[in-house]
Structure formats: C-alpha cells, structure tokens
Amino acid sequence: MRKLYIPSVAILAFSYPLTTVLLLVLKVPLSALSLFNYGIKGLVTAVFGLAMAFSIAKRNSIVPTLIPLFALFGIFGVRLLYDVIGLDIVPPLSSASYILLYFFGLTVLPVLSIAFSFEPEDMETLHKWMFWTLVLTNIALFYYVLSAGNLAAENTLAYRYQVSGQDDATSVLNPITISLMGSVLLLFVVGRFAAFSTMSPLSQGVHLVVFAVGLANMLLGGSRGPVVAFVFGLIFVAASALKGSSGRPGQFKIRPRVWIYLGLMMAGGVMVALFSDLTIAAFDRFRTMFDGSGSRIIEERDYIAAAAWDDFTKSPVIGYSYITMNGTALAHNVFLESFMALGVIGGGVYLLCLFIILKGIWNGVTGRFGPYGYSVSLAAAALLALSMTSGSIGQSPEIWGMVALSMSMAHIQRRRDAGPSYRGQPVRRGSPPRAVRSPAS
C-alpha cells in the first residue's frame with residue numbers, strides 16, 4: 001500500500017491532458033469536463049493520503065532533505081490563509097475554496113505522501129509509470145490535435161493549439177501543457193538512450209517513434225517555456241557525460257547512442273530552418289522576442305514581473321501578497337513569487353530548496369539511483385525550468401510532485417561498512433548493497 005504514491009505521482013504530473021482528451025473525444029460537455037477532472041484530482045489526492053497513512057504506520061520519519069520544502073509550504077500557507085480568508089484576495093474566475101484546496105489538498109498532501117513513502121528501491125517502478133503515462137498522454141494529444149483540431153497539415157506547426165473553455169478567457173488544454181508533455185517525453189527518451197546499457201534495434205526504433213511524437217507535441221503547442229525546459233534538461237545530459245568521462249572503474253557512463261540521435265535531430269532542425277518554408281510557431285516566438293534593432297520586446301509577463309518586483313519592494317521582509325497586479329495575476333515565476341509573497345525570509349528558504357533540488361537532479365543523472373533514475377531526474381529538471389516561466393507555489397501541483405522526488409533523491413544514506421553506493425545504486429536503510437539489474441529496453 002505504501003507504493004500507491006508511485007502511480008499517483010505519474011497521474012498527478014502527466015495525466016491531465018490524457019483524461020481531458022478522452023473526455024473531449026467522448027463529447028463530454030465543457031461545463032461537465034471540469035467536474036470530471038476535479039473528481040480525478042480528488043481521487044488521486046485520496047490515494048496519496050492512503051499511501052501516506054500506511055507509510056506513517058510503517059515508519060514515522062520523512063526524507064530529511066524535504067524539510068526545507070515543508071518550511072516553504074508552511075510560510076506560504078500562512079500567507080495564503082491570511083490573503084484569501086482574511087483579506088478576501090481571490091483572482092478573477094476563481095474561488096477561495098479552489099485556491100485553498102489546490103494548495104493544501106493537491107500540493108501539500110502529495111508532497112507529504114512522497115516524503116513519508118519514498119524509497120530508493122522504488123525508482124524502477126516510478127520510471128515505468130511515468131514513462132508509460134507520458135507515452136499515452138502524448139499519443140492522445142497528438143491524435144486529438146491532428147484529428148479534432150481541423151488544422152491544415154502544412155500549417156499545423158504555425159499555430160499555438162489550445163482547446164478553449166466555456167469562455168475565451170479559459171482553456172481546458174492550453175499550449176503550455178501540450179508543449180510541456182512533449183518536452184518531458186523527449187527528455188525521458190533521451191534519458192533511456194543515455195542510461196540503458198543495452199537496447200535492441202527494435203526497441204531503439206520504437207523509442208525514435210515515441211521521440212518524434214514528443215517533438216511534434218512540443219512544437220504544436222508553440223510555447224517557449226517547454227522548449228527552454230528541454231534545453232535545460234539537455235544541459236544535465238551534457239554535464240553528466242563530462243562527469244562520467246573520467247573513466248574510473250564502475251563509474252556510471254552515458255551511452256554514445258544518445259549523441260548520435262541528438263546529432264541527427266539537430267541536423268534535421270538546421271535543415272528545416274535553412275531550406276524549408278515551414279512556419280514553426282515555437283521558433284517564431286523566440287525570434288519575435290526582439291525587434292529589428294535587437295532590443296527586447298516588452299510582453300505581458302514583463303509587466304507582471306515588474307509588478308511582482310514592485311510588490312516585493314513594498315514589503316521586502318515578510319512579502320506582500322500571493323498574487324500581483326492588484327490581485328489579478330500570478331507571478332508566473334516561482335523564484336520571483338517566493339520573494340514577492342514571502343519576502344527575503346521565504347525567498348531564502350526557496351533558494352535552499354533550489355540548491356537541494358539541483359543536488360537531487362545531479363544525483364540522478366550521475367547514476368546514484370541507477371539507470372532508471374536518470375530520466376526521472378531529467379523530467380524533474382524540465383519542470384523546475386518551467387517553474388521559472390509558468391509555475392507557482394500554490395497552483396502547480398505537477399511541478400511540486402516532481403520537485404519532492406528530486407529533493408528526496410538529494411538524500412543518500414551511507415553505511416559505514418559499505419561506502420556511499422554500489423555500482424550507482426544508493427544503499428537502502430539498514431540493508432546490504434545490491435547489484436543493479438541493467439535494463440534491456
């Protein structure tokens with residue numbers, strides 16, 4: 001029962017587009033679609049709670065590297081309660097109950113469950129649940145955009161696809177979500193190419209097809225943040241390859257095949273850019289960030305960021321408010337939001353969390369959690385990067401679930417008689433080191 005948190009993490013982080021597409025295909029009315037998704041979120045929260053209850057009964061301690069995150073959540077929770085209940089600050093098209101339940105129920109509770117339930121031995125199962133959830137989600141998105149989107153094939157990538165809600169101000173599938181699912185799947189496939197010691201030609205072919213679907217979705221969404229998240233993940237791939245090039249016996253190494261496939265992808269991208277008339281919205285949006293003189297074009301989020309910084313300067317010690325622009329907008333940047341809402345006190349706690357997150361990702365991509373931890377760490381890196389462009393502390397549970405996993409991976413318990421690890425596998429509490437089975441596909 002403790003391991004119930006594993007499918008819950010995958011569902012929380014990556015299944016919303018899948019369930020939404022299924023409901024749209026079944027012609028569920030938009031007015032009822034939100035209720036179905038709320039029901040799914042409620043069920044996931046309940047499963048997290050059940051896993052936590054069994055884990056607490058088994059042991060009454062949490063992964064210590066998550067303590068700073070709970071400090072951040074505690075400070076933010078006080079801010080949220082004061083603003084929402086005390087000052088009645090609620091953004092348009094939302095409600096106080098929605099804001100509070102999304103944070104305390106769908107964010108804090110899952111992270112608590114992970115803190116009590118996580119064990120290093122769970123990494124293989126976590127990896128498989130995440131991978132197949134991402135595969136199904138991306139296939140569903142790709143199918144829906146092409147078949148139900150009514151877009152001409154030659155112009156598909158020129159648009160930022162989304163499915164609007166009951167009014168034009170809302171959406172049930174937004175471009176960021178579509179691009180993000182593709183971006184994370186790309187990194188998962190890259191991670192499997194990089195870390196798995198043996199892959200049959202058939203398996204590699206299937207992975208290349210899956211990679212193509214992920215790439216298509218990343219471009220179909222036309223969002224810049226997920227593209228940046230993908231590049232950020234690739235930086236960890238390159239860094240881990242440099243780390244593994246020392247040639248020490250038994251050291252985790254990156255498989256050369258990953259560079260072949262990434263090189264082919266880059267070559268294809270250059271060919272398209274130089275010799276094709278194809279319009280790709282994601283690339284065009286990077287190009288149009290600057291005017292003809294090379295100056296940065298001011299966008300809506302620049303005004304939001306300026307307003308958030310101004311709010312911080314009004315109350316730099318304890319913070320000003322959990323939302324900015326006179327109570328109408330999230331900061332869309334967790335780093336900036338932590339200082340805006342919580343001042344230097346909460347911002348300092350977030351910086352400590354950020355250091356631990358990066359340490360956990362680094363542990364994963366350098367083999368401390370075996371080959372299965374590699375892709376999980378890259379997925380966490382992508383969501384961390386996205387949190388700097390489209391995330392929030394209180395309204396992004398998919399980000400914080402992956403953050404909690406990466407912070408858990410920052411904790412490596414060592415036994416005095418066994419050393420820090422055995423062939424890249426961290427030592428579990430009170431157990432002898434085990435050899436890691438190398439995945440074949």
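Above this note sits the structure.
Let me begin by describing the structure that accompanies this report. (Residues numbered from 1 in each chain as written. Predicted model: local features only at pLDDT ≥ 70, side-chain atom pairs only at ≥ 80, totals over all residues. Heavy atoms only, no water.)

Regarding the overall build of the protein
Rule in force here: In this description a helix means any DSSP run of H or I spanning at least four residues, a strand means any run of E spanning at least two, and both kinds are numbered starting from the N terminus. When accessible area is computed with a 1.4 Å probe and restricted to protein chains, residues below 20% of their type maximum are described as buried, those above 50% as exposed, and intermediate ones as partly exposed. In these tables, accessible area is a Shrake-Rupley quantity obtained with a 1.4 Å probe, and a residue counts as shielded only by the protein chains included in the view.
A count of helical and extended segments in the protein gives 15 helices and four strands. Within the protein, buried positions represent 52% of all 441 residues. When the accessible surface of the protein is totalled, it reaches about 19500 Å², and 66% of it is carbon and sulfur.

Quick notes on the pattern of salt bridges
What counts is decided by this rule: For salt bridges, the criterion is a side-chain nitrogen of Lys or Arg within 4 Å of an Asp or Glu carboxyl oxygen.
For the coordinates displayed, the defined rule picks out seven salt bridges. Of the charged contacts, one joins E124 and K128 as a salt bridge, the two residues approaching to 3.0 Å between their closest N and O atoms. You can see E124 and its partner K128 sitting in helix α6 (residues 123-148), four residues apart, about one turn around the helix. Note on E124: relative accessible area 23%, which makes it partly exposed. When the shortest N-O distance is used, the salt bridge between D311 and K314 registers 3.8 Å. A residue pair is termed a helical-turn pair when its members lie 3 or 4 positions apart in one helix, as D311 and K314 do in helix α12 (residues 300-314) at three residues. Of the residues examined, D311 reaches a relative accessible area of 6% and is grouped as buried. One network of salt bridges, with partners in common, ties together R2, E121 and D122.

Geometric descriptors of this kind do not, in isolation, establish any biological role.
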